[in-house]
Amino acid sequence: MEEKENLITVNIDGQDLQVPPGMNMVEAAAILGKEIPHYCYHPKLTIAGNCRMCLVELGMPGRDRATGEPMVNKDGTPKIMWMPGPAIGCGTKAAPGLHIKTDSPKALESREAVTEFLLINHPLDCPICDQAGECTLQEFSSSHGRGYSRFIEQKNVKPKRTRLGPRVTLDDERCVLCSRCIRFCDEVAGDSVLGFTDRGSYSTLTCFPGKELANNYSLNTVDICPVGALTSTDFRFKMRVWFLKETNSIDFETSVGVNTVVSAREGTIYRVKPRRNDQVNDTWMPDSGRELYKQVESDDRLIQCTIDSLATSAVDAIAKASECLQGGGVAIVGSGQCSVEEQFALKAISDGIGAKGVYLVARYGKDDGILMSVDRNPNVRGALMAGLVNDLPDEQLGELGAKIDSGEVTTVFSVKEDLIAGGLTEDQVGKVKIIYLGTHENTTSSLADVLIAGLTQFEKSGTVINQQFRLQKFSRVVPGPGGAIEDLYALATIQANLSGESFPSTVGSLWKQIGTEGSVFEGISFQSLSDQGELLDGSAFEHFSFREGKSLHFEPKKEALAIE
Amino acid sequence: MPIVIKRRPLNFLEKLYLPEIARGLSTTFKKIWEKPVTLEYPEQRPTIPEGYRGVPTLVKDPEGREKCVSCQLCEFVCPPKAIRIKPGEIPENSEYAHVEKGPQEFEIDMLRCIYCGMCQEVCPEEAIWLQNQFSLSGYSREELVNNKEDLYELGGTLPDEHFKWRKKKEAAEHGSGH
Ligand code: SF4
Ligand code: SF4
Ligand code: SF4
Ligand code: FES
């Protein structure tokens, strides 16, 4: 095989493969579609090599000891000198001429032996274990196990149902001592609280005395635990994983735009987990983002449209809202929580009625340098790119307040934003007509003249733009409540009512308009947007002083830092 | 090809009609004095053979512990999706805290159940059994959905060969010798 630049050739099960030097054999075999079973190896953590599940046979082209000449077989091919014992694949880095065998009898036998040892003290309680169905120990036990136990002695007893922290429960008997969780805490979360005590088969995972696993990334240890030792206290015993349908989504918590996958069964969401995106969040996500699904069924959810606090249909509420917006003196409060499509529709409305001002409410929080950025709105950049606003938003709606006081603004159309929380006084809110499109009760929703009940991020599809100007899409996980209406549909209908022309009311059809020539979104359509997102050209906004600091895969622009 | 059944032509005696009537009546009278082969259902009930697949029920072990651990395998395997389970955690102060998991709710919709016995076959805890109850009626759909209480009432207690959870508890009390 021809050597490409910077690539070296290794041989896996007789097949030549070109890989970058230093690539480990678990990854290299995966390129050929071969799975080397592994527990402790994780692509985003350092290599520990302690589970021994990934054993393979290893060989290098031989050299004659006396002459140093390469040894050749009779047919002229290089002679491979196989090592007598197996070696771990995860700890073997690609070197020129390296040969491995992943499915030779010796490799298979080694794995079977490792599996038998791992199961010696395992409690075999899959029926009550939450990991069942997505457990690598379960999978490899059926592919490499012997199906019965030769161990008749008493099994080790270790602590069960241990609270490791507010969100994580540990069952030590199930732990295979892979140390992934320990490495995650040390290397990614930067909060070293886990470690092993005791030795040999008595080794036990535990928290350091006086510490607990409480950092905002603790649930990632549950995701990477290959067995059911670490379980999420929230998800524990709620639903077996094989019933869950998974839908790709985005964490709306901050502008990082962590990729997630949301699991639901029959219209109920059970959990949110991270989805791998090497450009954004690797395989991690903050714990706080996993709680967001609870908003879907929260008690203060708006499930009914109202006009003057009287229940009405969504159709009537939209018609009434359109009527109010025609009156002039309208200001629009958009939101960084809206999708790009909604912001685009809102922009069309504001242009059409000649709004007296369009505002967003900024939310800033503490930056943790990993996956929580300062900007707690997922889509402020979307509002900029859709042209809804021309500058970074303020945290307070002071300017709008002044316009209300001066009588310039008589109607406020707020999408998802509580005006009181945004800094207006109840007095100011009382002076104007309020149209509110939102999902949860707040002061604005209770004061609204027209209230349109909308959908949460889990009930609709759309796109958001993260801090890197990466356009990412999220999809509908569950249907919305009966009385609510999709936000984009409501906005599009209002715009159609106002302009007298039709306006696309679905995400797919609206993208035909958004992705037209000349816009930054040119050539993009919702269907063709990949699950890894697409980086847009954000150079037009470079001069803005975004407040975000560094995060996992984001470097702030230098000028912005200088302003800080 | 239609199947043609050849009929034997009646012989002379049969053609006479009356002798055959007498033969028939004699059979009838003979049987009147014999032990009947039918049952006066529903007052009389048949004995159900072992392995009969009647209404699925939940059972307890001889200690009175509910055997089901709400693993939801039966819910998964049930072809007509007749089973609905809400799993739950056994509280830490319970006698059976070491089992950790048990059903909060368990429903079998008998209008859906096809008595296939898959649930019994898949259950890793031997907790669900199709027993000898075969006749089922009700005035509403709801009545024919057996909830957890009904299921335990129908199921009763079955002998246990393993007592695996009791052994587990004993092992835990005994400790690891370390
Ligand atoms: S708890 Fe899980 S991740 Fe941690 S060492 Fe044990 S098996 Fe590995
Ligand atoms: S007997 Fe068959 S149909 Fe009835 S509950 Fe069990 S699995 Fe379902
Ligand atoms: S399979 Fe058995 S243990 Fe599992 S939920 Fe059904 S009855 Fe309970
Ligand atoms: S994966 Fe290689 S030793 Fe664990």
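Calculation rules
All residue numbers refer to positions counted from 1 along the written sequence of the respective chain. Working convention: letters from A go to chains and numbers from 1 go to ligands, in the order in which they are written. Thresholds applied to this predicted model are a pLDDT of at least 70 for local features of residues and 80 or more for the giving and counting of side-chain atom pairs; totals over whole chains, interfaces and linings are not thresholded and use all residues. Side-chain measures here rest on the full set of heavy atoms in the structure, leaving out hydrogens and waters. Throughout, the term near means that a residue has one or more heavy atoms lying within 4 Å of the molecule or strand in question. Charged residues are taken to be Asp, Glu, Lys and Arg, nonpolar residues to be Ala, Val, Leu, Ile, Met, Phe, Trp, Tyr, Cys and Pro, and polar residues to be all remaining types, Gly included. The numbering of helices and of strands both runs from the N terminus, where a helix is a DSSP run of H or I of at least 4 residues and a strand a run of E of at least 2. When DSSP finds at least two bridges between two strands, those strands are taken to pair. Note on contacts: a residue pair is in contact if any heavy atoms of the two residues lie within 4.5 Å. As a working definition, buried area equals the accessible area (1.4 Å probe) given up by two parts on being put together, with both sides summed. By definition, a salt bridge exists where a carboxyl oxygen of Asp or Glu is found within 4 Å of a side-chain nitrogen of Lys or Arg. Where each domain begins and ends is defined by an automated method or by a domain database. Each Phe, Tyr or Trp ring (for Trp, its six-membered ring) is paired with any other whose centre lies within 6.5 Å, and the angle between the two planes then decides the class: stacked below 30 degrees, edge-to-face above 60, tilted in between. Burial classes: relative accessible area under 20% of the type maximum marks a residue as buried, over 50% as exposed, and values in between as partly exposed (1.4 Å probe, protein chains only). Only Lys NZ and Arg CZ are tested; either one counts as a charge over a ring when it is within 6 Å of the ring centre and within 35 degrees of the ring normal.

Before going further, it helps to examine the site of ligand 3. Every one of the 13 residues lining ligand 3 counts as a neighbour, but Cys-68, Cys-71, Gln-72, Cys-74 and Cys-123 of chain B are closest to it. Residue composition of the shell around ligand 3, by class: ten nonpolar, two polar and one charged.

Moving on: unusual backbone geometry. Following Tyr-41 of chain B, the chain continues into Pro-42 of chain B via a peptide bond in cis, with omega recorded as 5 degrees. Mapped onto the elements, Pro-42 of chain B comes out in the loop between helix 2 (18-32) and strand 1 (56-58). In this model, Asp-308 of chain A sits at a positive phi of 50 degrees, which is unusual for a non-glycine residue. Residue placement: Asp-308 of chain A occurs in the loop between strand 15 (305-307) and strand 16 (310-312).

Before going further, it helps to examine the sheet that holds strand 5 (residues 145-146) of chain B. The strand order across the open sheet built from three strands is 2-3-5 (chain B), with neighbouring strands paired in antiparallel fashion. Two strands close off the open sheet at either side, each with one partner strand: strand 2 (83-89) and strand 5 of chain B.

On to the interface of chain B and chain A. Taken together, the contact between chain B and chain A spans 28 residues of the former and 21 residues of the latter. When chain B packs against chain A, close to 2,200 Å² is buried across both sides, 54% of that on carbon and sulfur atoms. Scanning the region where chain B abuts chain A turns up six salt bridges. A salt bridge links Lys-168 of chain B to Glu-173 of chain A; the shortest N-O distance between them is 2.9 Å. At the level of elements, helix 3 (73-77), strand 2 and helix 6 (164-174) of chain B are the ones that each hand at least two residues to the side of chain B that touches chain A. Looking at which element gives the most residues to the side of chain B that touches chain A, the answer is helix 6 of chain B, with five residues. Looking at side-chain class alone, the side of chain B that touches chain A contains 13 nonpolar, seven polar and eight charged residues.

Right, let's get into the domain arrangement of chain A. For chain A, the assigned domains are domain 1 (4-113), domain 2 (126-243) and domain 3 (305-502). Relative placement of domain 1 of chain A and domain 3 of chain A: their C-alpha centres are 57 Å apart.

Attention now goes to the pattern of salt bridges. Using the criterion set out here, one finds 45 salt bridges over all chains in the structure. Here Asp-171 of chain A ties to Lys-160 of chain A by a salt bridge, and the two come within 3.0 Å at their closest N and O atoms. Within this pair, whereas Asp-171 of chain A is found in the loop between strand 8 (168-170) and helix 4 (180-189), its partner Lys-160 of chain A is found in the loop between helix 3 (136-144) and strand 7 (162-163), the two being separated by eleven residues in sequence. One connected set of salt bridges, linked through shared partners, spans Asp-125, Lys-160, Asp-171, Glu-173 and Arg-174 of chain A together with Lys-168 of chain B.

Within the structure shown, the criterion is met by 13 aromatic pairs over all chains. Measuring from ring centre to ring centre gives 6.2 Å for Tyr-41 of chain B and Phe-134 of chain B, while their planes differ by 35 degrees; the resulting arrangement is tilted. Of this pair, Tyr-41 of chain B sits in the loop between helix 2 and strand 1 while Phe-134 of chain B sits in the loop between strand 4 (128-130) and strand 5, and the two are 93 residues apart along the sequence. The exposure class of Phe-134 of chain B is partly exposed, given its relative accessible area of 30%. One aromatic cluster is present, formed by Phe-469, Phe-541, Phe-544 and Phe-546 of chain A through successive ring pairs. A cation over a ring is seen here: Arg-547 of chain A above Tyr-364 of chain A, with NZ or CZ 4.0 Å from the ring centre. Over the face of the ring belonging to Tyr-152 of chain B we find Lys-60 of chain B, whose NZ or CZ atom lies 5.0 Å from the ring centre.

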